[in-house]
Amino acid sequence: MEKRLLLIGLDREALKTALAASGVPAKSLPMRVNQLWNWIYVHGARDFAAMTNLAKDFRGLLEQNFSLDRPEVVTAQLSEDGTRKWLLKTGAGIEFETVYIPEADRGTLCVSSQVGCTLTCRFCHTGTQKLVRNLNPDEILGQILIAKDTLEDWPSTAPGRKVTNIVMMGMGEPLYNFDHVKSALAIAMDGDAIAMSKRRVTLSTAGVVPMIPRAGNEIGSSLAISLHAVTDEIRDQIVPINKKYPIAELMEACRTYPGASNARRITFEYVMLKGVNDSLADARALVKLVAGIPAKINLIPFNAWPGAPYECSDWSQIEKFAEIVNKAGYASPVRTPRGRDIMAACGQLKSESVKERASARLAAEKLADVQSGQLARMPH
Ligand code: SAH
């Protein structure tokens, strides 16, 4: 049997093409696309049978040709503070994590863009996992769909929804997977689809400078920058991409970020590492660095992980640091660590997925062949 085409993540044009190819008449395509769009992204339909206002034979055609499959949920964990973490899987060795953080006034979903990461930031657990591959649009959107399924957060346009914010702050560097992130977020922010407000969708980057203007122009979400240090000397060590795109270039990209304004500030993330970047001189330098940029500063207490080479700054030091930033006129919320007990806090995400080397994969395939008796019939 032919594999059914997954509709999740296709844009309207691709959806139209797929429907046309399966025999839907041209004149009904726009209506069909709208109906499906609504069922899939507003109502969270998981199968075609649920689409009760569609004629039975059309539903049959859909069922035969297409699927709405979500990623497989490998584990779903619930922290004592209400944070949830899912480990999802879409194929052999393709595992990635998603975290939902409920707060009094909002619910934030932290979404992954890659399996593993290439950046090797010294304090980040994901950074110890080599890049396996970029996630596809369906895998990025699938994280949102699964969270909304679990939280019964459909229809997505209803008041009082549970996923109010999306942050591209899970595993991976979203600007190294630009096209797929762009496609997925376009659907997340489409008013007739998941209908997230642009202000409530934030893309976080370690500083892929050449892609920042494109993010502003083509994705249009809010922007967060993983700054974490105020000198190139320290940033080179802890966020190695800095060697390629040093602080001055990064700040220039922020200064000219399309869409940044006082109503729409850029968030600067700053992880508090004891004795590394947390002096009061660092705080004063930080304020100088962001001068002229509509900014908020998010201080993140370092979250430990097994083998991590750093410690979190003392609480009193974080408070003094925050006070300097605050006095300079910047909002400087300290991000409360959430879900640490299930390793769901910032920078703790990691899956067991490893990129198989071609030689290892060939050996495994050969072994499978031997086991299935095929090789025995082949000439040696
Ligand atoms: N690659 C993107 C997206 C990841 S966002 C980026 O770097 O922005 C995850 C955020 O958590 C980043 O700001 C990251 O630097 C931060 N982080 C990573 N490890 C951390 C840790 N152990 N404790 C606290 N924050 C961490």
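The rules behind the values
Residues numbered from 1 in each chain as written. Predicted model: local features only at pLDDT ≥ 70, side-chain atom pairs only at ≥ 80, totals over all residues. Heavy atoms only, no water. Core = buried A, V, L, I, M, F, W, Y, C linked by side-chain atoms within 4.5 Å. Buried < 20%, exposed > 50% of the residue type's maximum accessible area, 1.4 Å probe, protein only. Helix = DSSP H or I, 4+ residues; strand = E, 2+ residues; numbered from the N terminus. Domains from an automatic or database assignment. Contact = heavy atoms within 4.5 Å. Near = heavy atom within 4 Å. Polar contact = N/O pair within 3.5 Å; in protein donor to acceptor, adjacent residues only side chain to side chain. Areas by Shrake-Rupley, 256 points an atom, 1.4 Å probe, with all protein chains shown as cover. Nonpolar A, V, L, I, M, F, W, Y, C, P; charged D, E, K, R; others polar. Buried area = accessible area lost by both parts, 1.4 Å probe. Arc of directions from axis to C-beta. Salt bridge = Lys/Arg side-chain N within 4 Å of Asp/Glu carboxyl O. Pairing = 2+ DSSP bridges. Axes fitted to C-alpha atoms, helices over the stretch in contact; angles between N-to-C directions. Phe/Tyr/Trp six-rings, centres within 6.5 Å; stacked < 30°, edge-to-face > 60°. Lys NZ or Arg CZ within 6 Å of the ring centre and 35° of its normal.

1. Structural notes on the nonpolar core
Part 1 of the reasoning: Core analysis: the biggest nonpolar cluster contains 115 residues, and Tyr41, Met51, Phe123 and Phe268 have the highest contact counts within it.
Part 2 of the reasoning: Considering each element in turn, this core owes the most residues, 7 residues, to helix 2 (residues 29-42).
Part 3 of the reasoning: In terms of domain composition, this core takes at least three residues from each of domain 1 (5-67) and domain 2 (72-355).
Part 4 of the reasoning: Leave out the neighbours within four places in its chain, and Met51 touches Leu36, Trp39, Ile40, Ala45, Arg59, Leu62 and Leu68.

2. Quick look at the site of the ligand
Part 1 of the reasoning: With respect to spatial proximity, 23 residues lie near the ligand, and among them Phe123, Ser204, Ser226, His228 and Asn303 are the closest.
Part 2 of the reasoning: At 3.4 Å from an oxygen atom of the ligand is found a main-chain nitrogen or oxygen belonging to Thr205.
Part 3 of the reasoning: Between the ligand and Cys346, the relevant distance is 3.3 Å, taken from a nitrogen atom to a main-chain nitrogen or oxygen of the residue.
Part 4 of the reasoning: Protein chains shield 96% of the accessible area of the ligand, which is 540 Å² for the free molecule.
Part 5 of the reasoning: Taken together, the residues of the shell around the ligand break down into 13 nonpolar, 8 polar and 2 charged.

3. Considerations on the domain arrangement of the chain
Many structure descriptions define interface size as the accessible area lost when the parts assemble.
Part 1 of the reasoning: In terms of domains, the chain is made up of domain 1 (5-67) and domain 2 (72-355).
Part 2 of the reasoning: For domain 1 versus domain 2, the separation of C-alpha centres amounts to 33 Å.
Part 3 of the reasoning: Contact residues are listed per partner, giving 12 residues for domain 1 and 14 residues for domain 2.
Part 4 of the reasoning: Contact between domain 1 and domain 2 buries roughly 1100 Å² in total, counting both sides, with carbon and sulfur atoms accounting for 65%.

4. Here we look at helix 6 (residues 212-219)
Working note: α-helix, 3.6 residues per turn, so residues spaced by three or four point in the same direction.
Part 1 of the reasoning: Among the residues of helix 6, those classed as buried are Ile212, Ala215, Gly216 and Ile219. All buried residues of helix 6 lie within an arc of 110° about the axis, which places them on one face of the element.
Part 2 of the reasoning: The elements touched by buried residues of helix 6 are helix 5 (178-188), strand 10 (201-205), strand 11 (222-226) and helix 8 (247-255).

5. Side note on the pattern of salt bridges
Part 1 of the reasoning: Scanning all chains against the criterion turns up 15 salt bridges.
Part 2 of the reasoning: Close ionic contact of Asp314 with Lys274 constitutes a salt bridge, the shortest N to O distance being 3.2 Å. Of this pair, Asp314 sits in the loop between strand 13 (295-301) and helix 10 (315-327) while Lys274 sits in the loop between strand 12 (266-272) and helix 9 (280-289), and the two are 40 residues apart along the sequence.
Part 3 of the reasoning: When its relative accessible area of 39% is taken as the criterion, Asp314 is described as partly exposed.
Part 4 of the reasoning: One network of salt bridges, with partners in common, ties together Arg12, Asp190 and Asp192.

6. Describing the sheet that holds strand 4 (residues 84-91)
Two strands in a sheet stick together by hydrogen bonds in their backbones, pointing the same way (parallel) or opposite ways (antiparallel).
Part 1 of the reasoning: On the basis of which strands lie adjacent, the open sheet formed by 9 strands has the order 3-4-5-6-9-10-11-12-13 and mixed pairing. Whereas interior strands pair on both sides, the edge strands pair on one side only; in this sheet they are strand 3 (72-78) and strand 13. When the angles between neighbouring strand axes are averaged without regard to direction, this sheet yields 20°.
Part 2 of the reasoning: Bridging between strand 11 and strand 12 involves 3 bridges; their strand directions are parallel. For Ala224, the partnering residue across the bridge sits in strand 12 and is Thr267.
Part 3 of the reasoning: Helix 4 (residues 137-150) contacts strand 3, strand 4, strand 5 (94-102), strand 6 (107-110) and strand 9 (165-168) of the sheet and is inclined by roughly 135° relative to strand 4.

7. Details of the side chain of Arg59
Part 1 of the reasoning: Here Arg59 is to be found in helix 3 (residues 56-65).
Part 2 of the reasoning: Within polar-contact distance, the side chain of Arg59 engages the backbone oxygen of Ala49 at 3.4 Å.
Part 3 of the reasoning: Those residues in contact with Arg59, other than ones at most four positions away along the chain, are Phe48, Ala49, Met51, Thr52 and Leu54.

8. Some points on unusual backbone geometry
What is expected of a backbone is that most residues other than glycine have negative phi and most peptide bonds are trans.
Part 1 of the reasoning: Residue Pro155 is bonded to the preceding Trp154 through a cis peptide linkage, with omega at -10°.
Part 2 of the reasoning: Turning to its location among the elements, Pro155 is positioned in the loop between helix 4 and strand 9.
Part 3 of the reasoning: The backbone of Thr120 shows a phi angle near 50°, a positive value even though the residue is not glycine.
Part 4 of the reasoning: Inspection of the secondary structure assignment puts Thr120 in the loop between strand 7 (114-115) and strand 8 (133-134).

9. Some details on the packing of aromatic side chains
Part 1 of the reasoning: For the structure shown, the criterion picks out 3 aromatic pairs.
Part 2 of the reasoning: Plain terms: the ring middles of Tyr270 and Phe321 are 5.2 Å apart, the flat faces sit at 35° to each other, and that makes the pair tilted. Residue Tyr270 is located in strand 12, and its partner Phe321 is located in helix 10; the two are separated by 51 residues in the primary sequence. There is no split in this pair, since Tyr270 and Phe321 are both buried.
Part 3 of the reasoning: Look at Phe302 and Tyr310: their rings are 6.4 Å apart centre to centre, the planes differ by 85°, and that puts the pair in the edge-to-face class.
Part 4 of the reasoning: Look at Phe302 and you get buried, because its relative accessible area is 3%.
Part 5 of the reasoning: Residue classification places Tyr310 among the buried positions, given a relative accessible area of 15%.
Part 6 of the reasoning: The ring of Trp154 is capped by Lys148, whose NZ or CZ atom sits 5.1 Å from the centre of that ring.
Part 7 of the reasoning: The ring of Phe178 has Arg214 sitting right over it, with the charged end atom 4.3 Å from the ring centre.

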